[in-house]
Amino acid sequence: MSDSEGLDAIIVGAGFAGLYQLYRLRELGLRCRVLETGEDVGGTWYWNRYPGARCDINSLSYSYSFSPELEQDWEWTEKYPTQPEVLRYLGHVADRFDLRRDISFETTVTAAHYDDAAGRWRVSTNAGRELTAQFLIMATGCLSASKLPEIGGLERYRGRTHHTARWGRDEIRFDGLRVGVIGTGSSGIQSIPIIAGQAADLTIFQRTPNFSMPAGNRPLTDAEIAAMKADYRAYRSAQRASRIGVPTPEASLSALAVTEEERNAAYQWGWEQGDLYSMTGQYVDVLVDPAANETAAEFVRAKIRAVVTDPVVAEKLSPRTFPYGTKRPCLDTGYYETFNRPNVHLVDVRETPLVEFTETGLRTSGAHYEFDAIVFATGFDAMTGALAAIDIRGRNGVTFSSQWSAGPRTYLGVAVARFPNLFTITGPLSPSVLSNMVVSIEQHVEWITDCISYVRKADCDTIEATAEAEEAWVQHVAEVASMTLFPRADSWYMGANVPGKPRTFLPYIGGVGEFRRICDEEAASGYPRFVLARAADRPEAVVS
Ligand code: NA7
């Protein structure tokens, strides 16, 4: 099918990012189409329907700020919203702003090629459809390309299988079943206590134990909702200027400058907040100094030992191979307590590695396990996976894979040299997963919208980051990361969970407020690290 719509922009993905980008570009008068694999809006919140799936950021904070009316009308019910509640919210946003009419659901983008001569992107879909547009905006998410364990034989296995990131729309229960769960990241840690309550027998295959703390989830009170709604504008400003998209107090002391009693009291206070940042935020050096970090790590290990009654199991659950906070910490509801249940067993796959799936279950180097159902909580090819899944070709047919063999290269995580008029919302090398995603998404969407508006007002047709700007940004992102302990962990932030993926730090750790300042400066000074060109001048006018 050919493009009959004469599109200005194609947006790939209808999650938080794609929905807001559509809203903004429509406001600018652009004709847009959103292409979305799912049957409905939601992105991450459409796919991750596993039991216990919940956001780890306070609902009043993890929400759009662009519409004060939406902020006032929507009623969040819990401190940490469940997946169904976030999905309802996004459905409400789609209806409220009449977004669905420009979204094609059940449509997967397979290829996007830049046509130099026409100065347009040609986008192909799984349904054999071809669309063209001047601008292509990838709202494909940071954690959307799910991954399976890298062992063979899955086709042989006759029981049920479920991936946490591809959970079905119908309720899935495990009553009376023998269940195996592979993976102990956030998805495993949130779902394991619930699956354990249903299954006859549950075996958890752990490769790396994680640091987790009680979420302390609870209903929001009317008073706290009213207080936030009375002061939302000031709160949103503080979010935008903050380090992680949630306003938090800045620490001033070293963890090593206080007594053990003082330190443990401070960590205890952070622990009781039940959030991702209060513990690490107690001291300036927890994420940069190994000795300071170890004090926080040991505090959490002591908590694990206090809950888990079998000391051998407690030790297996205690992280020792990476600094606290350098892999995404988790919030849980009864995770460690689950290991005291008689129907729950823990297998350390570093001691006895996974070997293969069999017709009836799973074999490790130590034993064979029979299961009626296996749950894969094995995570994602983070930040680059969803982009790599599409055959994207820029100027002269250049591909991401040919340019990114040593790690992703972007300018500000939003633009890529040799890929004119292509934008990546919260792309690699932007704060993204180290921040409240909604705050970072809004910042990128607004920046992209202003940039497109600038291009049109300047009577130009293309905008493209220079290779020099990209190189400088790649260096800066790596340099800032190297000042922290993050590169020491085999985390998905480092691409370490995907065999063969280059080991580079994928997000930008300089902070949301600082990143916004850099992006704003680029725009305010007329996009000096980009080349703008008119169709008539192409391609000679563009140096790369
Ligand atoms: P994560 O955090 O990547 O967790 C995946 C888990 O699966 C983690 O424990 C992995 O161990 C484990 N894993 C992955 N591959 C294997 C293989 N082959 N064998 C054994 N174990 C394996 O994904 P989640 O979905 O839990 O959470 C992702 C993010 O979503 C989360 O951080 C929040 O930001 C929201 P590993 O640690 O790599 O050794």
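Residues numbered from 1 in each chain as written. Predicted model: local features only at pLDDT ≥ 70, side-chain atom pairs only at ≥ 80, totals over all residues. Heavy atoms only, no water.

Undergrad: I would appreciate a short explanation of the nonpolar core in the present structure.
TA: Soluble globular proteins tend to pack their nonpolar side chains together in the buried interior. The biggest cluster of nonpolar side chains holds 136 residues, and the ones touching the most others in it are F16, Y64, L202, F423 and W447. Ranked by residues supplied to this core, first place goes to helix α14 (residues 437–457) with nine residues. (Core = buried A, V, L, I, M, F, W, Y, C linked by side-chain atoms within 4.5 Å. Buried < 20%, exposed > 50% of the residue type's maximum accessible area, 1.4 Å probe, protein only. Helix = DSSP H or I, 4+ residues; strand = E, 2+ residues; numbered from the N terminus.)

Undergrad: I tried to follow the environment of M383 on my own but got confused; where do I start?
TA: Considering the arrangement of structural elements, one finds M383 in the loop between β16 (373–376) and α12 (385–388). According to the relative accessible area criterion, M383 is buried, its value standing at 4%. M383 sits 124 residues away from P507 along the chain, and the two C-alpha atoms are 8.2 Å apart.

Undergrad: When you look at the domain arrangement of the chain in this model, what are you seeing that I'm missing?
TA: Put simply, an interface is often sized by how much accessible area is lost when its parts join up. Considered domain by domain, the chain is made up of domain 1 (3–145 + 382–537) and domain 2 (154–376). Using C-alpha coordinates to define each centre, domain 1 is positioned 28 Å away from domain 2. Contact with domain 1, which involves 51 residues of that partner, is made by 52 residues of domain 2. Together, D56, L60 and L485 form the three largest contributors to the area buried by domain 1 at its contact with domain 2, with a combined 17%. One can count five salt bridges joining domain 1 with domain 2. One salt bridge connects R169 with E39, and the closest N-O pair in it is separated by 2.5 Å. (Domains from an automatic or database assignment. Contact = heavy atoms within 4.5 Å. Buried area = accessible area lost by both parts, 1.4 Å probe. Salt bridge = Lys/Arg side-chain N within 4 Å of Asp/Glu carboxyl O.)

Undergrad: Is there a simple way to explain the sheet that holds β16 in this structure?
TA: Adjacent strands of a sheet form backbone hydrogen bonds with each other and so pair up, either parallel or antiparallel. Ordered in space as β7-β16-β8-β9-β12, the five strands form an open sheet in which the pairing is parallel. Strand pairing shows two members of the sheet lacking a second neighbour, β7 (160–163) and β12 (344–348), which therefore form its edges. Neighbour-to-neighbour, the strand axes of the sheet open up by a mean angle of 20 degrees, direction not taken into account. (Pairing = 2+ DSSP bridges. Axes fitted to C-alpha atoms, helices over the stretch in contact; angles between N-to-C directions.)

Undergrad: Just checking my understanding: could you explain the sheet that holds strand β13 (residues 354–357) for this structure?
TA: If you walk across this open sheet you meet the three strands as β13-β14-β15, and the pairing is antiparallel. The open sheet terminates on both sides in strands that have one partner only, identified here as β13 and β15 (368–370). If you compare each strand with its neighbour and ignore which way they point, the axes differ by 20 degrees on average. Note that β13 and strand β14 (residues 361–364) share three bridges and pair antiparallel. Along β14, the bridge assignment pairs L354 with T364.

Undergrad: How should the packing of helix α8 (residues 260–273) against helix α9 (residues 290–307) be read in this particular structure?
TA: One way to put it is that α8 packs onto α9 with a least axis distance of 11 Å and a crossing angle of 60 degrees. With respect to the hand of their crossing, α8 and α9 are arranged in right-handed fashion. Contacts between α8 and α9 involve R263, N264, Y267, Q268 and W271 from the first element and A292, T295, A296, F299, V300 and K303 from the second. (Left-handed = near helix turned anticlockwise from the far one by under 90°.)

Undergrad: I would appreciate a short explanation of the pattern of salt bridges in the present structure.
TA: Where charged atoms from two side chains of opposite charge approach closely, those side chains can pair. As enumerated under the stated definition, the model contains 43 salt bridges in all. Ionic pairing is found between R96 and D73, a salt bridge with its closest N-O pair at 2.7 Å. Of the two residues, R96 sits in helix α4 (residues 83–96) while D73 sits in helix α3 (residues 68–73), which places them 23 residues apart along the sequence.

Undergrad: What should I look at first to understand unusual backbone geometry in this one?
TA: Only a minority of non-glycine residues have a phi that is not negative, and only a minority of peptide bonds are not trans. Backbone geometry at L412 places phi at a positive 60 degrees, although glycine is not the residue there. By relative accessible area, which is 0% here, L412 ends up buried. Within the chain, Y527 stands out as a residue other than glycine whose phi angle is a positive 55 degrees.

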